[in-house]
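# Architecture at a glance
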There are 2 protein chains.
Amino acid sequence: MPEASPSSEEQDARHAAKMRKKQAARDTILASKTREQGLLIVHTGKGKGKTSAALGMVVRAIGHGMKVGVVQFVKGAMHTGEKAVFEAFPQQVTFQPMGQGFTWNTQDRSADIAAARTAWEEVKRLIADPDIAMVVADELNIVLRYDYLPLDEVLAVLTARPEMKHVIVTGRNAPEALIEAADLVTEMTLVKHPFRAGVKAQPGIEF
Amino acid sequence: MPEASPSSEEQDARHAAKMRKKQAARDTILASKTREQGLLIVHTGKGKGKTSAALGMVVRAIGHGMKVGVVQFVKGAMHTGEKAVFEAFPQQVTFQPMGQGFTWNTQDRSADIAAARTAWEEVKRLIADPDIAMVVADELNIVLRYDYLPLDEVLAVLTARPEMKHVIVTGRNAPEALIEAADLVTEMTLVKHPFRAGVKAQPGIEF
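Residues numbered from 1 in each chain as written. Chains lettered and ligands numbered in written order. Predicted model: local features only at pLDDT ≥ 70, side-chain atom pairs only at ≥ 80, totals over all residues. Heavy atoms only, no water.

For chain A, the helix and strand inventory stands at 8 helices and 6 strands. Each helix and strand of chain A, placed in order from N terminus to C terminus, yields the pattern α-β-α-β-α-β-α-α-β-α-α-β-α-β. Looking at the 207 residues of chain A, the share that counts as buried comes to 53%. Within chain A, contacts between residues separated by at least 24 positions form 79% of all contacts whose residues are at least 6 apart in sequence. Surface exposure of chain A reaches about 9300 Å², of which carbon and sulfur atoms provide 53%. (Helix = DSSP H or I, 4+ residues; strand = E, 2+ residues; numbered from the N terminus. Buried < 20%, exposed > 50% of the residue type's maximum accessible area, 1.4 Å probe, protein only. Contact = heavy atoms within 4.5 Å. Areas by Shrake-Rupley, 256 points an atom, 1.4 Å probe, with all protein chains shown as cover.)

Right, here's the structure in full:
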(Lines give C-alpha, C1' and ligand atoms only; values in the text may rest on other atoms or scores of the structure.)
Protein backbone atom coordinates (compact mmCIF):
# COMPACT_ATOMS: atom_id res chain seq x y z
CA MET A 1 0.00 0.00 0.00
CA PRO A 2 1.34 3.47 -0.85
CA GLU A 3 2.17 5.80 2.02
CA ALA A 4 -0.70 8.16 2.80
CA SER A 5 0.05 11.74 1.77
CA PRO A 6 -0.02 14.19 4.69
CA SER A 7 -3.37 15.78 5.47
CA SER A 8 -3.86 19.50 5.06
CA GLU A 9 -3.79 19.82 8.88
CA GLU A 10 -0.46 17.97 9.04
CA GLN A 11 0.95 20.23 6.30
CA ASP A 12 -0.19 23.31 8.19
CA ALA A 13 1.29 22.09 11.46
CA ARG A 14 4.62 21.30 9.81
CA HIS A 15 4.63 24.70 8.15
CA ALA A 16 3.88 26.47 11.43
CA ALA A 17 6.75 24.66 13.17
CA LYS A 18 9.16 25.55 10.36
CA MET A 19 8.09 29.20 10.39
CA ARG A 20 8.38 29.39 14.22
CA LYS A 21 11.97 28.21 13.85
CA LYS A 22 12.64 30.79 11.12
CA GLN A 23 11.15 33.56 13.20
CA ALA A 24 13.23 32.59 16.25
CA ALA A 25 16.38 32.64 14.12
CA ARG A 26 15.41 36.01 12.71
CA ASP A 27 14.65 37.44 16.15
CA THR A 28 18.09 36.38 17.35
CA ILE A 29 19.74 38.08 14.39
CA LEU A 30 17.69 41.25 14.81
CA ALA A 31 18.48 41.43 18.53
CA SER A 32 22.18 41.62 17.67
CA LYS A 33 21.57 44.60 15.36
CA THR A 34 21.37 47.53 17.73
CA ARG A 35 23.39 50.27 16.10
CA GLU A 36 21.89 53.10 14.09
CA GLN A 37 24.15 55.03 11.79
CA GLY A 38 24.07 56.99 8.61
CA LEU A 39 24.82 54.68 5.72
CA LEU A 40 26.93 55.20 2.64
CA ILE A 41 24.93 53.33 0.01
CA VAL A 42 26.06 52.53 -3.54
CA HIS A 43 23.82 51.33 -6.39
CA THR A 44 25.92 50.22 -9.31
CA GLY A 45 25.97 47.67 -12.15
CA LYS A 46 24.73 47.64 -15.71
CA GLY A 47 21.16 46.75 -14.85
CA LYS A 48 18.26 49.11 -14.41
CA GLY A 49 16.89 50.34 -11.10
CA LYS A 50 19.91 52.17 -9.67
CA THR A 51 18.27 55.60 -9.69
CA SER A 52 14.76 54.15 -9.22
CA ALA A 53 15.83 52.37 -6.03
CA ALA A 54 17.35 55.60 -4.70
CA LEU A 55 14.08 57.40 -5.48
CA GLY A 56 12.18 54.66 -3.64
CA MET A 57 14.34 55.31 -0.56
CA VAL A 58 13.63 59.04 -0.90
CA VAL A 59 9.91 58.26 -0.89
CA ARG A 60 10.32 56.20 2.29
CA ALA A 61 12.34 58.93 3.96
CA ILE A 62 9.73 61.55 3.05
CA GLY A 63 7.05 59.29 4.52
CA HIS A 64 8.98 59.25 7.79
CA GLY A 65 9.17 63.04 7.88
CA MET A 66 12.86 63.19 7.01
CA LYS A 67 14.42 65.86 4.82
CA VAL A 68 16.19 64.76 1.67
CA GLY A 69 18.43 66.40 -0.91
CA VAL A 70 18.65 64.94 -4.43
CA VAL A 71 21.38 66.07 -6.83
CA GLN A 72 21.42 64.63 -10.35
CA PHE A 73 24.87 64.79 -11.90
CA VAL A 74 24.11 63.95 -15.51
CA LYS A 75 20.40 64.06 -16.10
CA GLY A 76 19.61 67.75 -15.84
CA ALA A 77 18.65 68.10 -19.48
CA MET A 78 16.05 65.33 -19.31
CA HIS A 79 12.47 65.66 -18.24
CA THR A 80 11.92 63.50 -15.19
CA GLY A 81 8.65 62.27 -13.75
CA GLU A 82 10.00 62.20 -10.20
CA LYS A 83 10.44 65.97 -10.13
CA ALA A 84 6.67 66.58 -10.23
CA VAL A 85 6.16 64.28 -7.25
CA PHE A 86 8.94 65.73 -5.12
CA GLU A 87 7.63 69.22 -5.77
CA ALA A 88 4.57 68.18 -3.76
CA PHE A 89 6.85 68.04 -0.70
CA PRO A 90 8.78 71.34 -0.91
CA GLN A 91 9.49 71.37 2.83
CA GLN A 92 11.16 67.98 2.69
CA VAL A 93 12.89 67.55 -0.66
CA THR A 94 15.36 69.72 -2.50
CA PHE A 95 15.73 68.38 -6.01
CA GLN A 96 18.57 69.69 -8.13
CA PRO A 97 18.92 68.41 -11.67
CA MET A 98 22.22 70.28 -12.03
CA GLY A 99 23.89 68.18 -14.67
CA GLN A 100 23.89 69.31 -18.28
CA GLY A 101 22.58 66.01 -19.62
CA PHE A 102 24.51 62.94 -20.58
CA THR A 103 28.02 63.72 -21.71
CA TRP A 104 27.45 62.42 -25.23
CA ASN A 105 24.88 65.18 -25.66
CA THR A 106 27.06 68.11 -24.62
CA GLN A 107 30.35 67.06 -26.26
CA ASP A 108 32.02 69.74 -24.17
CA ARG A 109 34.42 68.34 -21.60
CA SER A 110 35.21 71.65 -19.88
CA ALA A 111 31.52 72.48 -19.45
CA ASP A 112 30.87 68.97 -18.11
CA ILE A 113 33.65 69.35 -15.54
CA ALA A 114 32.27 72.70 -14.42
CA ALA A 115 28.75 71.22 -14.12
CA ALA A 116 30.11 68.28 -12.11
CA ARG A 117 31.91 70.69 -9.78
CA THR A 118 28.73 72.74 -9.22
CA ALA A 119 26.71 69.59 -8.49
CA TRP A 120 29.39 68.28 -6.14
CA GLU A 121 29.51 71.54 -4.17
CA GLU A 122 25.74 71.18 -3.69
CA VAL A 123 26.21 67.61 -2.43
CA LYS A 124 28.83 68.86 0.04
CA ARG A 125 26.49 71.60 1.24
CA LEU A 126 23.66 69.06 1.75
CA ILE A 127 25.95 66.66 3.62
CA ALA A 128 27.01 69.47 5.95
CA ASP A 129 23.42 70.67 6.53
CA PRO A 130 22.24 69.19 9.86
CA ASP A 131 18.58 69.37 8.75
CA ILE A 132 19.13 66.97 5.85
CA ALA A 133 18.89 63.27 6.77
CA MET A 134 19.54 61.76 3.33
CA VAL A 135 21.51 62.92 0.30
CA VAL A 136 21.27 61.30 -3.13
CA ALA A 137 24.20 61.86 -5.51
CA ASP A 138 22.59 60.45 -8.63
CA GLU A 139 25.02 59.25 -11.34
CA LEU A 140 28.02 60.51 -9.38
CA ASN A 141 29.78 57.27 -10.45
CA ILE A 142 29.59 58.36 -14.11
CA VAL A 143 31.27 61.64 -13.28
CA LEU A 144 34.00 59.80 -11.35
CA ARG A 145 34.43 57.39 -14.24
CA TYR A 146 35.23 60.31 -16.57
CA ASP A 147 37.59 61.84 -13.96
CA TYR A 148 35.47 64.98 -13.85
CA LEU A 149 36.00 65.12 -10.07
CA PRO A 150 39.01 63.97 -8.02
CA LEU A 151 38.11 60.62 -6.43
CA ASP A 152 40.21 61.39 -3.34
CA GLU A 153 38.23 64.53 -2.62
CA VAL A 154 34.89 62.75 -3.07
CA LEU A 155 35.90 59.85 -0.81
CA ALA A 156 37.23 62.21 1.87
CA VAL A 157 33.90 64.07 2.03
CA LEU A 158 31.75 60.93 1.94
CA THR A 159 33.66 59.10 4.65
CA ALA A 160 33.86 62.18 6.92
CA ARG A 161 30.09 62.80 6.71
CA PRO A 162 28.11 63.37 9.96
CA GLU A 163 27.38 60.13 11.80
CA MET A 164 23.64 59.92 11.11
CA LYS A 165 23.72 61.10 7.49
CA HIS A 166 22.62 58.67 4.77
CA VAL A 167 24.28 59.21 1.38
CA ILE A 168 23.22 57.26 -1.72
CA VAL A 169 25.54 57.23 -4.73
CA THR A 170 24.29 55.75 -8.02
CA GLY A 171 25.72 54.96 -11.44
CA ARG A 172 27.45 52.10 -13.19
CA ASN A 173 31.17 51.48 -12.76
CA ALA A 174 31.42 52.53 -9.12
CA PRO A 175 35.13 52.93 -8.27
CA GLU A 176 36.54 50.07 -6.19
CA ALA A 177 37.60 52.51 -3.45
CA LEU A 178 34.01 53.78 -3.13
CA ILE A 179 32.67 50.23 -2.82
CA GLU A 180 35.36 49.64 -0.19
CA ALA A 181 34.22 52.71 1.77
CA ALA A 182 30.48 51.99 1.50
CA ASP A 183 28.23 50.27 4.05
CA LEU A 184 25.64 48.91 1.64
CA VAL A 185 26.38 48.08 -1.98
CA THR A 186 23.94 46.61 -4.47
CA GLU A 187 24.83 45.67 -8.01
CA MET A 188 21.93 45.83 -10.44
CA THR A 189 22.53 43.09 -12.98
CA LEU A 190 20.85 43.15 -16.36
CA VAL A 191 19.10 39.87 -17.03
CA LYS A 192 16.85 40.98 -19.88
CA HIS A 193 16.14 44.37 -21.47
CA PRO A 194 13.25 45.31 -23.79
CA PHE A 195 15.52 47.64 -25.83
CA ARG A 196 16.78 44.45 -27.42
CA ALA A 197 13.26 43.80 -28.71
CA GLY A 198 12.91 47.26 -30.28
CA VAL A 199 10.90 48.80 -27.47
CA LYS A 200 11.71 52.44 -26.80
CA ALA A 201 12.20 54.27 -23.50
CA GLN A 202 8.82 55.01 -21.96
CA PRO A 203 7.46 57.45 -19.35
CA GLY A 204 7.13 55.93 -15.90
CA ILE A 205 9.80 53.35 -16.66
CA GLU A 206 12.95 55.06 -17.91
CA PHE A 207 12.14 58.68 -17.08
CA MET B 1 63.30 65.15 -25.09
CA PRO B 2 60.10 63.62 -23.68
CA GLU B 3 56.96 63.91 -25.77
CA ALA B 4 54.88 66.91 -24.80
CA SER B 5 51.64 65.98 -23.06
CA PRO B 6 48.49 67.12 -24.85
CA SER B 7 47.24 70.60 -24.05
CA SER B 8 43.90 71.08 -22.36
CA GLU B 9 42.49 72.26 -25.72
CA GLU B 10 43.70 69.09 -27.43
CA GLN B 11 42.16 66.97 -24.65
CA ASP B 12 38.84 68.80 -25.03
CA ALA B 13 38.83 68.41 -28.82
CA ARG B 14 39.59 64.71 -28.57
CA HIS B 15 36.84 64.30 -25.98
CA ALA B 16 34.30 66.16 -28.15
CA ALA B 17 35.12 63.91 -31.14
CA LYS B 18 34.73 60.77 -29.02
CA MET B 19 31.44 61.97 -27.57
CA ARG B 20 30.09 62.93 -31.02
CA LYS B 21 30.78 59.37 -32.11
CA LYS B 22 29.05 57.98 -29.02
CA GLN B 23 26.04 60.18 -29.56
CA ALA B 24 25.75 59.16 -33.21
CA ALA B 25 25.86 55.49 -32.20
CA ARG B 26 23.25 56.12 -29.55
CA ASP B 27 20.99 58.03 -31.96
CA THR B 28 21.14 55.11 -34.39
CA ILE B 29 20.14 52.69 -31.65
CA LEU B 30 17.32 54.93 -30.40
CA ALA B 31 15.96 55.39 -33.94
CA SER B 32 15.49 51.63 -34.19
CA LYS B 33 13.42 51.60 -30.98
CA THR B 34 10.00 52.68 -32.09
CA ARG B 35 7.60 50.36 -30.36
CA GLU B 36 5.71 51.27 -27.19
CA GLN B 37 4.22 48.47 -25.16
CA GLY B 38 3.32 47.63 -21.64
CA LEU B 39 6.23 45.85 -20.00
CA LEU B 40 6.31 42.89 -17.67
CA ILE B 41 9.15 43.85 -15.32
CA VAL B 42 10.76 41.60 -12.71
CA HIS B 43 13.05 42.72 -9.88
CA THR B 44 14.65 39.71 -8.25
CA GLY B 45 17.88 38.64 -6.53
CA LYS B 46 19.14 38.65 -2.94
CA GLY B 47 20.27 42.28 -2.99
CA LYS B 48 18.34 45.27 -1.75
CA GLY B 49 16.42 47.69 -3.95
CA LYS B 50 13.81 45.39 -5.53
CA THR B 51 10.82 47.09 -3.91
CA SER B 52 12.56 50.48 -3.77
CA ALA B 53 13.17 50.45 -7.54
CA ALA B 54 9.50 49.59 -8.13
CA LEU B 55 8.50 52.51 -5.89
CA GLY B 56 10.82 54.78 -7.87
CA MET B 57 9.01 53.77 -11.06
CA VAL B 58 5.69 54.49 -9.35
CA VAL B 59 6.97 57.97 -8.53
CA ARG B 60 7.93 58.53 -12.17
CA ALA B 61 4.56 57.28 -13.38
CA ILE B 62 2.73 59.58 -10.95
CA GLY B 63 4.82 62.48 -12.22
CA HIS B 64 3.63 61.72 -15.74
CA GLY B 65 -0.01 61.74 -14.66
CA MET B 66 -0.42 57.97 -14.90
CA LYS B 67 -2.55 55.91 -12.54
CA VAL B 68 -0.85 53.18 -10.56
CA GLY B 69 -1.96 50.31 -8.36
CA VAL B 70 0.39 48.88 -5.74
CA VAL B 71 -0.38 45.59 -4.01
CA GLN B 72 2.00 44.34 -1.33
CA PHE B 73 1.80 40.60 -0.89
CA VAL B 74 3.75 40.08 2.30
CA LYS B 75 4.39 43.38 3.98
CA GLY B 76 0.95 44.41 5.20
CA ALA B 77 1.83 44.14 8.85
CA MET B 78 4.79 46.50 8.56
CA HIS B 79 4.73 50.25 8.74
CA THR B 80 5.91 51.67 5.42
CA GLY B 81 7.12 55.16 4.70
CA GLU B 82 5.94 55.05 1.09
CA LYS B 83 2.29 54.83 2.14
CA ALA B 84 2.32 58.39 3.53
CA VAL B 85 3.68 59.73 0.25
CA PHE B 86 1.29 57.86 -2.01
CA GLU B 87 -1.64 59.07 0.10
CA ALA B 88 -0.79 62.56 -1.17
CA PHE B 89 -1.89 61.38 -4.66
CA PRO B 90 -5.22 59.65 -3.95
CA GLN B 91 -6.44 60.20 -7.52
CA GLN B 92 -3.43 58.39 -8.97
CA VAL B 93 -2.33 55.68 -6.58
CA THR B 94 -4.20 52.86 -4.97
CA PHE B 95 -1.97 51.30 -2.34
CA GLN B 96 -3.00 48.00 -0.84
CA PRO B 97 -0.82 46.47 1.82
CA MET B 98 -2.95 43.33 1.79
CA GLY B 99 -0.43 40.80 2.99
CA GLN B 100 -0.44 39.67 6.58
CA GLY B 101 3.26 40.27 7.09
CA PHE B 102 6.17 37.97 6.42
CA THR B 103 5.25 34.36 6.72
CA TRP B 104 7.57 33.72 9.66
CA ASN B 105 5.45 36.15 11.64
CA THR B 106 2.09 34.56 11.00
CA GLN B 107 3.04 30.87 11.16
CA ASP B 108 -0.33 30.11 9.67
CA ARG B 109 -0.13 28.62 6.18
CA SER B 110 -3.86 28.56 5.50
CA ALA B 111 -4.23 32.24 6.46
CA ASP B 112 -1.21 33.12 4.28
CA ILE B 113 -2.72 31.33 1.30
CA ALA B 114 -6.02 33.15 1.79
CA ALA B 115 -4.19 36.50 2.06
CA ALA B 116 -2.20 35.73 -1.12
CA ARG B 117 -5.42 34.92 -2.95
CA THR B 118 -7.06 38.20 -1.84
CA ALA B 119 -4.02 40.20 -2.95
CA TRP B 120 -3.86 38.36 -6.28
CA GLU B 121 -7.54 39.03 -6.99
CA GLU B 122 -6.78 42.72 -6.45
CA VAL B 123 -3.83 42.52 -8.90
CA LYS B 124 -6.12 40.90 -11.46
CA ARG B 125 -8.70 43.64 -10.95
CA LEU B 126 -6.04 46.36 -11.43
CA ILE B 127 -4.66 44.69 -14.57
CA ALA B 128 -8.16 44.56 -16.05
CA ASP B 129 -8.92 48.21 -15.14
CA PRO B 130 -8.30 50.32 -18.28
CA ASP B 131 -7.62 53.44 -16.16
CA ILE B 132 -4.60 51.86 -14.48
CA ALA B 133 -1.33 52.20 -16.43
CA MET B 134 1.01 50.42 -14.01
CA VAL B 135 0.51 47.62 -11.49
CA VAL B 136 3.08 46.66 -8.85
CA ALA B 137 2.80 43.15 -7.39
CA ASP B 138 5.29 43.60 -4.56
CA GLU B 139 6.84 40.38 -3.24
CA LEU B 140 4.64 38.22 -5.45
CA ASN B 141 7.73 36.07 -6.05
CA ILE B 142 7.82 35.12 -2.36
CA VAL B 143 4.22 33.95 -2.53
CA LEU B 144 4.99 31.91 -5.66
CA ARG B 145 8.05 30.44 -3.95
CA TYR B 146 5.85 29.08 -1.16
CA ASP B 147 3.31 27.78 -3.69
CA TYR B 148 0.61 29.97 -2.17
CA LEU B 149 -0.70 30.68 -5.68
CA PRO B 150 -0.67 28.45 -8.79
CA LEU B 151 2.19 29.65 -11.02
CA ASP B 152 0.25 28.71 -14.17
CA GLU B 153 -2.65 30.96 -13.23
CA VAL B 154 -0.34 33.87 -12.43
CA LEU B 155 1.58 33.52 -15.69
CA ALA B 156 -1.62 33.26 -17.72
CA VAL B 157 -2.94 36.54 -16.30
CA LEU B 158 0.38 38.40 -16.60
CA THR B 159 1.04 37.39 -20.19
CA ALA B 160 -2.55 38.07 -21.29
CA ARG B 161 -2.53 41.59 -19.82
CA PRO B 162 -3.73 44.54 -21.96
CA GLU B 163 -1.07 45.67 -24.43
CA MET B 164 -0.10 48.97 -22.81
CA LYS B 165 -0.19 47.78 -19.19
CA HIS B 166 3.07 47.82 -17.20
CA VAL B 167 3.28 45.19 -14.46
CA ILE B 168 6.19 45.08 -12.00
CA VAL B 169 6.75 41.92 -9.97
CA THR B 170 9.28 41.96 -7.13
CA GLY B 171 10.83 39.47 -4.71
CA ARG B 172 13.79 37.13 -4.58
CA ASN B 173 13.69 33.73 -6.26
CA ALA B 174 11.60 34.71 -9.27
CA PRO B 175 10.41 31.51 -10.98
CA GLU B 176 12.29 30.71 -14.18
CA ALA B 177 9.05 30.70 -16.18
CA LEU B 178 8.29 34.25 -15.01
CA ILE B 179 11.75 35.46 -16.05
CA GLU B 180 11.13 33.76 -19.39
CA ALA B 181 7.83 35.61 -19.83
CA ALA B 182 9.15 39.02 -18.71
CA ASP B 183 10.37 41.89 -20.92
CA LEU B 184 12.74 43.50 -18.43
CA VAL B 185 14.47 41.58 -15.66
CA THR B 186 16.94 43.01 -13.17
CA GLU B 187 18.73 40.97 -10.56
CA MET B 188 19.72 42.91 -7.47
CA THR B 189 22.98 41.40 -6.25
CA LEU B 190 24.14 41.89 -2.69
CA VAL B 191 27.71 43.18 -2.64
CA LYS B 192 27.84 44.45 0.94
CA HIS B 193 25.21 44.75 3.68
CA PRO B 194 25.41 46.77 6.92
CA PHE B 195 23.50 44.09 8.85
CA ARG B 196 26.79 42.25 8.88
CA ALA B 197 28.29 45.12 10.87
CA GLY B 198 25.55 45.11 13.51
CA VAL B 199 23.55 47.99 12.04
CA LYS B 200 19.80 47.63 12.38
CA ALA B 201 17.01 48.29 9.86
CA GLN B 202 16.36 52.03 9.71
CA PRO B 203 13.50 54.26 8.55
CA GLY B 204 13.97 55.62 5.04
CA ILE B 205 16.24 52.73 4.13
CA GLU B 206 14.52 49.43 4.87
CA PHE B 207 10.99 50.64 5.55
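Read on, since the account is not over.
Attention now goes to the interface of chain B and chain A. Accessible area lost when the parts come together is the quantity often used to give the size of an interface. At the junction of the two partners, chain B supplies 84 residues and chain A supplies 84 residues. Contact between chain B and chain A buries roughly 7300 Å² in total, counting both sides, with carbon and sulfur atoms accounting for 59%. The interface formed by chain B and chain A includes 4 salt bridges. Among the ionic pairs, Glu82 of chain B bridges to Arg60 of chain A, the shortest N-O distance being 3.2 Å. Residue composition of the side of chain B that touches chain A, by class: 37 nonpolar, 26 polar and 21 charged. (Buried area = accessible area lost by both parts, 1.4 Å probe. Salt bridge = Lys/Arg side-chain N within 4 Å of Asp/Glu carboxyl O. Nonpolar A, V, L, I, M, F, W, Y, C, P; charged D, E, K, R; others polar.)

Here we come to helix H5 (residues 109-128) of chain B. Residues and elements named next belong to chain B. Compared with an ideal rise of 1.5 Å per residue, which puts 20 residues at 28 Å, H5 spans 29 Å between its outermost C-alpha atoms and is within 8% of the ideal. Considered for burial, the residues of H5 that qualify are Arg109, Asp112, Ala115, Ala116, Ala119, Trp120, Glu122, Val123, Leu126 and Ile127. The buried side chains of H5 occupy one side of the element, clustering within an arc of 160° when seen end-on. N-capping of H5 is provided by Asp108, with a side-chain oxygen placed 3.3 Å from the backbone N of Ser110. (Expected span 1.5 Å × (residues − 1). Arc of directions from axis to C-beta. Polar contact = N/O pair within 3.5 Å; in protein donor to acceptor, adjacent residues only side chain to side chain.)

Time to look at the relation of the copies chain B and chain A. Both copies of the chain are related by a screw-like operation: a rotation about an axis and a shift along it. Mapping chain B onto chain A is achieved by rotating through 180° and translating by 0.0 Å along the same axis, at an RMSD of 0.0 Å. When the rotation and shift are considered jointly, the pair of chain copies conforms to a two-fold rotation axis. The C-alpha atom lying nearest the rotation axis in chain B is that of Ala53 of chain B; the distance is 1.8 Å. When the interface residues of chain B are mapped onto chain A, 100% of them again fall at the interface, so both copies present the same face. (Least-squares fit on C-alpha atoms with pLDDT ≥ 70 in both.)

What follows deals with the sheet that holds strand S4 (residues 134-138) of chain A. Strands sit in the order S3(A)-S2(A)-S4(A)-S5(A)-S1(A)-S6(A)-S6(B)-S1(B)-S5(B)-S4(B)-S2(B)-S3(B) across an open sheet of 12 strands; the sheet is mixed. Every interior strand has two partners, whereas the edge strands, strand S3 (93-97) of chain A together with strand S3 (93-97) of chain B, have only one. In this sheet, neighbouring strand axes are inclined to one another by 15° on average, regardless of whether the strands run parallel or antiparallel. Looking at chain direction, strand S2 (residues 68-72) of chain A and S4 of chain A are connected through 5 bridges and run parallel. The partner of Val68 of chain A across the bridge, within S4 of chain A, is Met134 of chain A. (Pairing = 2+ DSSP bridges. Axes fitted to C-alpha atoms, helices over the stretch in contact; angles between N-to-C directions.)

A word on the UniProt feature "domain: Cob(I)alamin adenosyltransferase N-terminal" (unreviewed entry) in chain A. Under the present numbering, the feature "domain: Cob(I)alamin adenosyltransferase N-terminal" (unreviewed entry) in UniProt falls on residues 9-28 of chain A. For residues 9-28 of chain A, the helix share is 100%, the strand share is 0%, and the end-to-end C-alpha distance is 29 Å. (UniProt positions renumbered as here; feature names shortened; annotations may be inferred.)

Here we take up the packing of helix H2 (residues 50-63) of chain A against helix H2 (residues 50-63) of chain B. Axis separation between H2 of chain A and H2 of chain B bottoms out at 6 Å; the angle between their running directions is 85°. By the angle between their axes, H2 of chain A is roughly perpendicular relative to H2 of chain B. Side by side, H2 of chain A and H2 of chain B meet where Thr51, Ser52, Ala53, Leu55, Gly56, Met57, Val59 and Arg60 of chain A of the first sit next to Thr51, Ser52, Ala53, Leu55, Gly56, Met57, Val59 and Arg60 of chain B of the second. Class assignment of the residues belonging to the contact of H2 of chain A with H2 of chain B gives a composition of 8 nonpolar, 6 polar and 2 charged. (Parallel < 35°, antiparallel > 145°, perpendicular 65-115°, else oblique.)

Together, Lys18 and Lys22 of chain A together with Lys46, Arg145 and Arg172 of chain B make up a region of like positive charge exposed at the surface. Within the fold, Arg172 of chain B resides in the loop between strand S5 (166-170) and helix H8 (176-181). Judged by its relative accessible area of 36%, Arg172 of chain B is partly exposed. (Patch = residues over 30% accessible without salt bridge, like charges linked within 9 Å, V, L, I, M, F, W, Y side chains within 5 Å. Lys, Arg positive; Asp, Glu negative; His and termini not counted. Charge placed at Lys NZ, Arg CZ, Asp CG, Glu CD.)

Let us look at the pattern of salt bridges. In this structure the tally under the stated criterion is 18 salt bridges over all chains. Notably, a salt bridge pairs Glu153 of chain A with Arg117 of chain A, separated by 2.9 Å at the nearest N-O pair. Here Glu153 of chain A, found in helix H7 (residues 151-159), pairs with Arg117 of chain A, found in helix H5 (residues 109-128); they are 36 residues apart in sequence, far enough to count as distant. Accessibility expressed as a relative area gives 23% for Glu153 of chain A, which makes it partly exposed. Of the charged contacts in the structure, one is a salt bridge between Lys83 of chain B and Glu87 of chain B, with a shortest N-O distance of 3.0 Å.

This part covers the pairing of strand S2 (residues 68-72) of chain B. Residues and elements named next belong to chain B. In terms of burial, S2 is largely enclosed, as 5 of its 5 residues are buried. What you see with S2 is no split at all: Val68, Val70 and Gln72 on one side and Gly69 and Val71 on the other are buried throughout. Where S2 meets S3, 5 bridges bridge the pair, whose relative direction is parallel. Paired with Gln72 across the bridge in S3 is Pro97.

The next thing to look at is the packing of aromatic side chains. Residue and element names in this part refer to chain A. Counted by the stated rule, this structure contains 4 aromatic pairs over all chains. The interplanar angle of 55° and the centroid separation of 5.8 Å between the aromatic rings of Phe86 and Phe95 together place this pair among those described as tilted. Residue Phe86 shares its accessibility class with Phe95, and that shared class is buried. (Phe/Tyr/Trp six-rings, centres within 6.5 Å; stacked < 30°, edge-to-face > 60°.)

It is worth spelling out the nonpolar core at this point. Core analysis: the largest hydrophobic core is formed by 47 residues, its most contacted members being Val58, Phe86 and Met134 of chain A together with Val58, Phe86 and Met134 of chain B. Other than its neighbours up to four places away in sequence, Met134 of chain B contacts Gly204 and Ile205 of chain A together with Met57, Val58, Ala61, Lys67, Val68, Gly69, His166 and Ile168 of chain B. Counting 33 residues, the second largest nonpolar core, distinct from the first, contains Leu140, Val157 and Leu158 of chain A together with Met19 of chain B. (Core = buried A, V, L, I, M, F, W, Y, C linked by side-chain atoms within 4.5 Å.)

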